[in-house]
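Listed below are the residues making up each chain.
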Amino acid sequence: MKLKKFQVESMPEALQQIKSELGSEAVILHTKEISTGGWFGFFAKKKLEVTAAIDPVKHAVATKPLQPSLQETKKEVEQILTHVPQTQSVSSATQLEAPALIKQIDTELNLQGVGESIREELKEDAFGFWYSQEKENRTPLAVINFTRQWLKRRLQQVPIGQSSFNKKFMIFAGPTGVGKTTTIAKLAAEASIKHGKKVAILTTDTYRIAAIDQLKTYASILNVPVEVAYSLDDFHAAMEQFEAYDVVLVDTAGRNFTHDFYLKELQKTIHLSEESSLYVVLALTAKYSDMVAVLKQFNQLAVHQVIFTKKDETNSYGALINVCLNEGIGIAYVTNGQNVPDDVIPASIDHIVESVLEGMTLDGSS
Ligand SMILES: Nc1nc2c(ncn2[C@@H]2O[C@H](COP(=O)(O)OP(=O)(O)OP(=O)(O)O)[C@@H](O)[C@H]2O)c(=O)[nH]1
Ligand SMILES: [Mg+2]
C-alpha cells in the first residue's frame, strides 16, 4: 500500500492532485482540517489534509493510464462535483453521498434564485466541510447546518437591519408601483409609535394626481403633517419647516430607473446631505436582472440600504441574498402585505437565511 498526504485548499484540489499523483485507482483514507503557517499560532491558514492510498499490485494492472491528461482530470472533478459518478475511482460509496446532497442543496438554492457565483463558492466549501468531518458526522443535517452558517457568516459583510431613525431625512426611491408610499406609511407608524419620534412626511411625487391624496390619507390616520415639494426650492423650504421634527420620510415618484435620465431627474428634486439616508425600494416579485440594472444606476448616489417589498407575493427569496453578497448593499426592511402599519418586518440575517432555506425539501432529520 502506497500512502500519501496532500495539503490543499479544497477537496476538488485534493481530488485533482490525488488523481495526477496516485492515479485513478487511489482511495481516500482520511481527511482533516489543519492550520498551516502563521507566527506563534497567529495568522495560520486553514487547510485540508487528505490522506490517499494506492495498492501497487492492483495499480500495476489498472488499465487507465497513471497520469491522466489535465482535460481528463478536470472532467472527472467536475463530474464528482455535479454528482455523475463516472467511475468508482477516488471515491467510496460514502464519498459519493456528499456530491449528491450538495448538488441537491445547490438545486434548491437555484430555485430560490440565489446567484450562481454564490452557489459555486458555497458548493466548494461544503465539499471541503464534508470531507473534513469524521464519517459518522457526515449527515444531511450537518450539511444543511453548514449551509445555514455559511450564508449567515457571509451576510455579515453588509449592514442588515432596521433604521434606528437617527438620520433625519429618510428618502425612498425606486421603480413604479413597488410599494414606496405604502412602506412610508408603515414606517411613519413605526417611527412615531414604536420609537416615539416626531414624524413628518414630504413628497416630491407630483406626477400622479392620486399620489398626494394617497399620502394625505395615510398621514391623517397617523396624525403626521405632509408637505408637497414641487421643486428643490420647495424641498429646502420643507427642510426648514420641519426643523423641529425628528424624522422626515420623503416619498418620490416611481420611475424607470434603469434609465440614467430618471436618476438625474430625481437628483433635481431631492436634497441628499449628511442628514439624509437614501433607501432603494425593490419588489421581490421583480426579475433579479432588472433589480441589478436599477441598483447599478443608483451606484451614482450613496444608497444606504434596500427595502424589499411584496415578499408575500413570491416564493423565491434569493434576491435577498444576492443584493447583499453580489451588490454589496444591505437590507433595512422586508414588507409582506398591504396592511398598514403591520406588514413590515425589520430585516435580519436570520430572517433572510431562514426565508431562503425554509422551502428546502431535503430531509435534514437523518
Ligand atoms: N402584496 C403586497 N402588496 C404591497 C406591498 N407593499 C405595497 N403593496 C401594494 O402595492 C401597490 C402599490 O403600492 P404603492 O405604495 O402605491 O407603490 P409606489 O411604489 O408608491 O407606487 P408609485 O408611487 O406609483 O411608483 C398597492 O396596491 C400596495 O398596497 C407588499 O408588501 N405586499
Ligand atoms: Mg407612491
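Residues numbered from 1 in each chain as written. Chains lettered and ligands numbered in written order. Predicted model: local features only at pLDDT ≥ 70, side-chain atom pairs only at ≥ 80, totals over all residues. Heavy atoms only, no water.

(A) Representation of the sheet that holds strand β11 (residues 344–346). Read from one edge of the open sheet, 8 strands run β6-β5-β7-β4-β8-β9-β10-β11, paired in mixed fashion. Looking at strand neighbours, the two that pair on one side only are β6 (226–228) and β11, the edges of this open sheet. Across the sheet, the mean angle from the axis of one strand to that of its neighbour is 25°, orientation sign disregarded. Across 3 bridges, the pairing between strand β9 (residues 303–309) and strand β10 (residues 331–335) is parallel. Bridged to Ile-307 within β10 is Tyr-333. Sheet contacts for helix α7 (residues 180–194): β4 (169–173), β5 (199–203), β7 (247–251), β8 (276–283), β9, β10 and β11; angle to β7, the most-contacted strand, approximately 175°. (Pairing = 2+ DSSP bridges. Helix = DSSP H or I, 4+ residues; strand = E, 2+ residues; numbered from the N terminus. Axes fitted to C-alpha atoms, helices over the stretch in contact; angles between N-to-C directions. Contact = heavy atoms within 4.5 Å.)

(B) The layout of surface pockets, seen in detail. For the largest pocket, the calculated volume is near 320 Å³. Taken together, Glu-9, Ser-10, Glu-33, Lys-46, Lys-47, Leu-48, Glu-124, Asp-125, Gly-128, Phe-129, Ser-132 and Phe-146 make up the full set of residues lining the largest pocket. Every element with two or more residues in the lining of the largest pocket is listed here: β3 (45–54) and α5 (116–132). With 5 residues, α5 is the single largest residue contributor to the lining of the largest pocket. The residue inventory of the lining of the largest pocket, partitioned by class, reads 3 nonpolar, 3 polar and 6 charged. (1 Å grid on protein atoms, 1.4 Å probe; cavity = no way out; pocket = protein on both sides within 12 Å on 5 of 7 lines; lining within 4 Å. Points joined across faces, edges and corners; volume = space filled by probe spheres on them. Nonpolar A, V, L, I, M, F, W, Y, C, P; charged D, E, K, R; others polar.)

(C) A look at the site of ligand 1. As a structural note, the neighbourhood of ligand 1 is formed by 20 residues, with Lys-180, Thr-182, Asp-312, Glu-313 and Thr-335 the closest of them. Here an oxygen atom of ligand 1 and a side-chain polar atom of Thr-335 are 2.6 Å apart. Burial of ligand 1 by the protein amounts to 84% of the accessible area it has alone, namely 660 Å². The element contributing the most residues to the shell around ligand 1 is α7, with 4 residues. Taken together, the residues of the shell around ligand 1 sort by class into 2 nonpolar, 11 polar and 7 charged. (Near = heavy atom within 4 Å. Polar contact = N/O pair within 3.5 Å; in protein donor to acceptor, adjacent residues only side chain to side chain. Areas by Shrake-Rupley, 256 points an atom, 1.4 Å probe, with all protein chains shown as cover.)

(D) Geometry of unusual backbone geometry. Val-340 connects to Pro-341 through a cis peptide bond whose omega is 5°. If you trace the backbone, Pro-341 turns up in the loop between β10 and β11. For Phe-165, which is not a glycine, the phi torsion comes out positive at approximately 55°. Residue Phe-165 is classed as buried on the basis of its relative accessible area of 2%. (Buried < 20%, exposed > 50% of the residue type's maximum accessible area, 1.4 Å probe, protein only.)

(E) Molecular detail of the side chain of Arg-255. Its place among the elements puts Arg-255 in the loop between β7 and α10 (260–267). When neighbours within four sequence positions are excluded, Arg-255 is seen to be in contact with Gly-174, Pro-175, Thr-176, Tyr-207, Tyr-262 and Glu-265.

(F) Quick look at the packing of α5 against helix α6 (residues 140–155). For the pair α5 and α6, the least separation of the axes is 10 Å and the interaxial angle reads 130°. Comparing their axes, α6 and α5 come out oblique. For the pair α5 and α6, the sense of crossing is right-handed. The residues of α6 that touch α5, namely those facing Ile-118, Glu-121, Leu-122, Asp-125, Ala-126, Phe-129 and Trp-130, are Ala-142, Val-143, Phe-146, Thr-147, Trp-150 and Arg-154. Taken together, the residues that form the contact of α5 with α6 break down as 9 nonpolar, 1 polar and 3 charged. (Parallel < 35°, antiparallel > 145°, perpendicular 65-115°, else oblique. Left-handed = near helix turned anticlockwise from the far one by under 90°.)

(G) Inspection of the packing of aromatic side chains at higher detail. Across all of its chains, the model carries 6 aromatic pairs by this definition. When the centroid spacing of 4.6 Å and the interplanar angle of 20° are considered together, the rings of Phe-129 and Phe-146 count as stacked. Remark: Phe-146 occurs in helix α6 and Phe-129 occurs in helix α5; sequence separation between them is 17 residues. For the pair Phe-129 and Phe-146, a shared accessibility class is recorded, and that class is buried. Positioned above the aromatic ring of Tyr-245, the side-chain terminus of Lys-198 is 4.6 Å from the ring centre. It is Lys-311 that lies over the ring of Tyr-317; its NZ or CZ is 4.7 Å from the centre. (Phe/Tyr/Trp six-rings, centres within 6.5 Å; stacked < 30°, edge-to-face > 60°. Lys NZ or Arg CZ within 6 Å of the ring centre and 35° of its normal.)

(H) Here's a closer look at empty space enclosed by the protein. Tallied over the entire structure, the rule returns 3 cavities of 30 Å³ or more. Each pocket or cavity is described by its volume, and for the largest cavity that value is around 70 Å³. Lining of the largest cavity is provided by Thr-204, Tyr-207, Thr-252, Ala-253, Arg-255, Phe-257, Glu-265, Leu-266 and Thr-269. By residue class, the composition of the lining of the largest cavity is 4 nonpolar, 3 polar and 2 charged. Here the second largest cavity is characterised by a volume of approximately 50 Å³. Taken together, Ile-102, Ile-105, Asp-106, Leu-109, Arg-119, Leu-122, Lys-123, Ala-126, Val-143 and Thr-147 make up the lining of the second largest cavity. Of the residues that constitute the lining of the second largest cavity, the class distribution is 6 nonpolar, 1 polar and 3 charged.

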